[in-house]
Amino acid sequence: MMAFHPPEAYGELNEGVSRVLFSADEIAIKVGELGQQISADYDGRFPLLVGVLNGVVPFMADLLRAITIPVEVDYLAIASYSAETRERGLVRLEKDLDETIKNRHILFVEDMVDTGLTLNYLLRNLRAREPASIEVCALFSKPRRRLIELPIKYKGFDLPDRFVVGYGLDYRGKYRNLPFVGLLKPEIFQP
Ligand code: IMP
């Protein structure tokens, strides 16, 4: 397992965090379990893992290596709109998939499902391309914030309705490189 630095080594970034919710070790154990489950369920189906840049990068990198069967990976990028714009179901694709997904088994990999609006839009978009199947794997979920119910087949952790950072999750572009996930201090976070 990759040895990360202790939280104090992250200086300013660590000081922005009021409480660690999930340590790097706890995340690694959970990702290992998800990888095992996915390997068993998808054996013989050569799934295509699809992620949304940039937040999913650390999770995807670790999940890929926790999966022991042949898989492919591809990425989408979306324009970051305001929450208000998202609520109207508007998500603009900045980068589409490189792969054709018709008749493929798609596993949509998400770092965080919050309201579910972004994921709902993207799933609708991908379903229209007639994949053989499509399921969701999300490391974090905030069930109390959900506006649209979505089936998450592989889920890491449920979170309270609080803003968190680390392990790919950012606040204004920062904190993605923390190896743990924690609550951001209220004096830093301005919704
Ligand atoms: P939603 O499910 O459409 O509301 O949007 C989910 C996206 O909002 C995630 O992919 C994150 O980019 C972002 N997001 C939601 N909650 C958090 C958080 O606590 N920290 C960092 N980003 C978050």
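Everything below is about the structure shown above.
These numbers come from a predicted model, not from an experiment.

Cut-off values and rules
- Throughout, residues of each chain are indexed from 1 in the direction in which the sequence is written.
- The model is predicted, so local features are restricted to residues of pLDDT at least 70 and side-chain atom pairs to those at 80 or more, both for listing and for counting; the totals for chains, interfaces and linings are taken over all residues.
- Hydrogens are left out, water is left out, and the side-chain values use all remaining heavy atoms of the structure.
- Only DSSP runs of H or I with at least four residues qualify as helices, and only runs of E with at least two residues qualify as strands; both kinds are numbered from the N terminus onward.
- Based on C-alpha atoms, the radius of gyration is set beside the globule rule, defined as 2.2 Å times the residue count to the power 0.38.
- In this scheme, a residue with accessible area under 20% of its type's maximum is buried, one over 50% is exposed, and one in between is partly exposed, where area comes from a 1.4 Å probe on protein chains only.
- Contacts are residue-level and defined by heavy atoms, with any inter-residue pair within 4.5 Å sufficient.
- In this tally, Lys and Arg are treated as positive and Asp and Glu as negative; His is ignored, and so are the chain termini.
- We put the charge of a Lys on NZ, of an Arg on CZ, of an Asp on CG and of a Glu on CD.
- Any two strands are treated as partners once DSSP identifies two or more bridges connecting them.
- The arc in question is formed by the directions pointing from the helix axis toward the C-beta atoms.
- Here an angle of 0 to 180 degrees is reported between the N-to-C directions of two axes, which are lines fitted to C-alpha atoms, with helices fitted over the stretch in contact.
- Orientation labels follow simple angle bins: below 35 degrees gives roughly parallel, above 145 gives roughly antiparallel, 65 to 115 gives roughly perpendicular, and whatever is left gives oblique.
- Crossings are sorted by hand: turned counterclockwise from the far helix by less than a right angle, the near helix makes the crossing left-handed, and turned clockwise it makes it right-handed.
- Expected helix span is taken as 1.5 Å per residue step, with the number of steps being one fewer than the number of residues.

How should I be thinking about the overall build of the protein in this particular structure?
Counting secondary structure elements, the protein contains five helices and nine strands. The order of α-helices and β-strands along the protein, N terminus first, is α-β-α-β-α-β-α-β-β-α-β-β-β-β. In summary, the protein has a C-alpha radius of gyration of 17 Å against a globular reference of 16 Å for 191 residues, a match within 12%. Reported as C-alpha extents along the three principal axes, the dimensions of the protein are approximately 45 × 40 × 25 Å. By the burial criterion, 47% of the 191 residues in the protein qualify as buried. Of the contacts made within the protein by residues no fewer than 6 positions apart, 67% connect residues no fewer than 24 positions apart. With 24 positive and 27 negative side-chain charges, the protein shows a spacing of 4 Å between the two charge centroids.

Whenever I open this one, the sheet that holds strand 8 (residues 164-165) confuses me. Can you help?
Strand pairing in a sheet takes place through backbone hydrogen bonds and is either antiparallel or parallel in direction. Read from one edge to the other, the open sheet built from three strands follows the order 1-9-8, with strand pairing classed as antiparallel. This sheet does not close on itself; its edge strands, each paired only once, are strand 1 (17-22) and strand 8. Two strands pair when backbone bridges link them, and strand 8 and strand 9 (residues 181-184) are joined in this way by two bridges, in the antiparallel orientation. Within strand 9, the residue paired with Val164 across the bridge is Leu183.

What am I meant to see in helix 3 (residues 57-66) here?
Every α-helix carries 3.6 residues per turn, so stepping three or four residues along brings you back to the same face. For helix 3, the set of buried residues is Phe59, Met60, Leu63 and Ala66. Down the axis of helix 3, the sector holding all buried residues measures 130 degrees, keeping them to one side. Here the buried face of helix 3 lies against helix 2 (24-41), strand 2 (48-53), strand 3 (72-78), strand 5 (105-113) and strand 6 (133-141).

Where do I start with the packing of helix 2 against helix 3 in this structure?
In helix packing, the relevant descriptors are the interaxial angle and the interaxial distance, both defined with respect to the helix axes. For the pair helix 2 and helix 3, interaxial distance at closest approach is 8 Å and the crossing angle is 50 degrees. Considered as vectors, helix 2 and helix 3 are oriented oblique to each other. Considering only the axes of helix 2 and helix 3, their crossing is right-handed. Packed against helix 2, whose contacting residues are Val31, Gly32, Leu34, Gly35, Gln36, Ile38 and Ser39, the element helix 3 presents Phe59, Asp62, Leu63 and Ala66 at the interface.

It is not clear to me how helix 2 should be interpreted in this structure. Could you clarify?
Taking 1.5 Å of rise per residue, 18 residues should cover 26 Å, and helix 2 covers 26 Å from first to last C-alpha, within 8% of that figure. When helix 2 is considered as a whole, its buried residues turn out to be Ile27, Val31, Leu34, Gly35, Ile38 and Ser39. On an axial view of helix 2, the arc spanned by its buried residues comes to 135 degrees, and they lie on one face. With respect to the buried face of helix 2, the exposed residues turned more than 90 degrees away are Asp25, Ile29, Gln36 and Ala40.

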